[in-house]
Amino acid sequence: MSTQREVRVAVAGATGTVGQRFICLLSAHPYFRLVSLNASPRSAGKAYKDVVRWKQSVPIPKNVLDMVVKTCDVDQFGDAEIVFSGLDSDVAGDVEEGLRKAEYAVFSNAGNFRRDPMVPLCVPLVNPSHFAIVPHQKEALGLKKGYIITNANCSTTGLAVPLYALERAFGPLETVMVTTMQAISGAGYPGVPSLDILDNIVPYIGKEEEKIEWELTKILGGLADDQKSFDLHAKHPMKVSASCNRVPVVDGHLECASVRFARRPPPSPQQVKDALRNFYSEAQKLGCPSAPEQAIFVHDEPDRPQPRLDRLFQNGSGVSVGRVRECPVLDLKFVVLVNNVNLGAATSSIINAEYAVAKGYV
Ligand SMILES: NC(=O)C1=CN([C@@H]2O[C@H](COP(=O)(O)OP(=O)(O)OC[C@H]3O[C@@H](n4cnc5c(N)ncnc54)[C@H](OP(=O)(O)O)[C@@H]3O)[C@@H](O)[C@H]2O)C=CC1
Ligand SMILES: N[C@@H](CC(=O)OP(=O)(O)O)C(=O)O
């Protein structure tokens, strides 16, 4: 039985696509206890069940049905210690900044602080070691408990896991080319109009390619020796090129990646499969309850992974890789699938927070 004390948590953006995943995952959590649901003034003052447009395949958890939604004003989060943010990025910046100032630990899905030089951009199966910059963040801002930790863009998250496993086993990557096929839920609700996406593929997702290309360098880079800045993969510059497409799938981003290693000769496809299968993250070692048992599942079947069949692997907390093979242009290519609303969003924030609790940051 866990001896971990109960930790009080709030969800900002509780009514949204990511917020609903937070509600499902946190309602069943062994030690996080939901004490506050916050959203826009449109939803505030009403019972959760009356304002949410619930789009999950399970019923609304009983514990939140009648909770009254509050605004995201900083005095509306009560005695929560942690705030999970699934806020629209138009408002996330100011709200999260205010919460940090009010000494909350904020775990955000929004993009606003990802490039901040004092904020960790953490894919929990990859770089929770970046939490070591948190004392510097607090000190620089004169705070005792307040800080912000962000997770990455959903496509970045899915790709970062196998890339990190490869770098750990075979040394730095020099080049990464990726083409994504991203689910509609990535655009929030109601998202892409049905007349745009049915019977169609849209070969453009605003700002997505730039996010993947930049975020990977922060995530796969390290911390400076004084733990006060990030090195952005500077010792081994890595070129990343992304092409992003919206496809008519509800959940699950599929990504086709090709990579070139710095070290010659490069590993064989079999060596790569073995390394991916054996990959074990720090969050798993620490026993974070929401971490997957297996971080990367490698398929041998030639037609997997597929979003509909594989997105619920381990409740969407791991990634699925397949079609590992030689690339005649770079060294190696493969396909990766990430559940964009679970590991790509809410699950990552929750594992990040579990890691923070386990390491004494909360
Ligand atoms: N969907 C995905 O796959 C992923 C999303 N993200 C990021 O997570 C965040 C949320 O995305 P998503 O859930 O898709 O978005 P949604 O549009 O589905 O939800 C947005 C949430 O923000 C709230 N909100 C909007 N305006 C305000 C306001 N003025 N004050 C307070 N709350 C407000 C909404 O409340 P109300 O219902 O009351 O309007 C709602 O709860 C975004 O920053 C997105 O970029 C990150 C990774 C993946
Ligand atoms: N833009 C992603 C989802 C998302 O919200 O990403 P970000 O967290 O970087 O804003 C998609 O459309 O699938």
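In this text, all values refer to a predicted model and were calculated from it rather than measured experimentally.

1. Some points on the nonpolar core
Among the nonpolar cores identified, the biggest contains 101 residues, and Val-11, Val-83, Ala-160, Val-161 and Ile-296 are the most heavily contacted of them. Each of domain 1 (7-153 + 346-358) and domain 2 (154-339) contributes no fewer than three residues to this core. Those residues within four positions of Ile-296 in sequence are excluded, and the remaining contacts are Val-161, Pro-162, Ala-165, Leu-276, Arg-277, Phe-279, Gly-318, Val-319 and Val-321.

2. Side note on the sheet that holds strand S10 (residues 319-326)
Reading across from one edge, S7-S6-S8-S11-S10-S9 is the order of the 6 strands in this open sheet, with mixed pairing throughout. Bordering the open sheet on either side are strand S7 (239-246) and strand S9 (296-298), each of which pairs with just one other strand. Direction aside, the axes of adjacent strands within the sheet are offset by 20° on average. One ladder, built from 7 bridges, connects strand S8 (residues 253-261) with strand S11 (residues 332-338); its direction is antiparallel. Each residue of the ladder has a partner; that of Cys-256, found in S11, is Val-335. Where helix H8 (residues 208-220) meets the sheet, its contacts fall on strand S6 (173-182) and S7, and the angle it forms with S7 comes to roughly 145°.

3. Looking at the UniProt feature "domain: Semialdehyde dehydrogenase NAD-binding" (unreviewed entry) in the protein chain
Mapped onto the present numbering, the UniProt feature "domain: Semialdehyde dehydrogenase NAD-binding" (unreviewed entry) falls at residues 8-134. Summarising residues 8-134: 26% helix, 16% strand, and an end-to-end C-alpha distance of 20 Å.

4. Description of the site of ligand 2
Neighbouring ligand 2 are Ser-89, Asn-109, Gly-111, Asn-153, Cys-154, Gln-182, Gly-186, Ala-187, Ile-205, Glu-208, Lys-211 and Asn-340. Both domains that furnish three or more residues to the shell around ligand 2 are identified here as domain 1 (7-153 + 346-358) and domain 2 (154-339).

Each value, and the rule that gives it
The numbering scheme is per chain: residues are counted from 1 as the chain's sequence reads. Whichever chain is written first is A, and whichever ligand is written first is 1; the rest continue in order. Two thresholds apply to this predicted model, a pLDDT of at least 70 for residue-level local features and 80 or more for giving and counting side-chain atom pairs, whereas whole-chain, interface and lining totals are computed over all residues. Among buried residues, those of type Ala, Val, Leu, Ile, Met, Phe, Trp, Tyr and Cys that are joined through C-beta atoms within 7 Å form a set called a nonpolar core. Exposure criterion: with C-beta atoms placed from backbone coordinates, a residue whose C-beta has 20 or more other C-beta atoms within 10 Å is buried, one with 12 or fewer is exposed, and one in between is partly exposed. Boundaries between domains were set according to an automatic or database domain assignment. Contacts are defined on C-beta atoms placed from the backbone: any two residues whose C-beta positions lie within 7 Å are in contact. Pairing between two strands requires that DSSP report at least two bridges joining them. Each helix is a run of H or I in the DSSP string that is no shorter than four residues. Each strand is a run of E no shorter than two, and both are numbered from the N terminus. Helix axes are fitted to C-alpha atoms over the stretch in contact, other axes to C-alpha atoms as well, and angles between N-to-C directions run from 0 to 180 degrees. UniProt positions are given in the numbering used here, feature names are shortened, and annotations may be inferred rather than shown by experiment. Placing a C-beta atom from the backbone of each residue, we mark the residue near a molecule or strand if the atom is within 6 Å of it.

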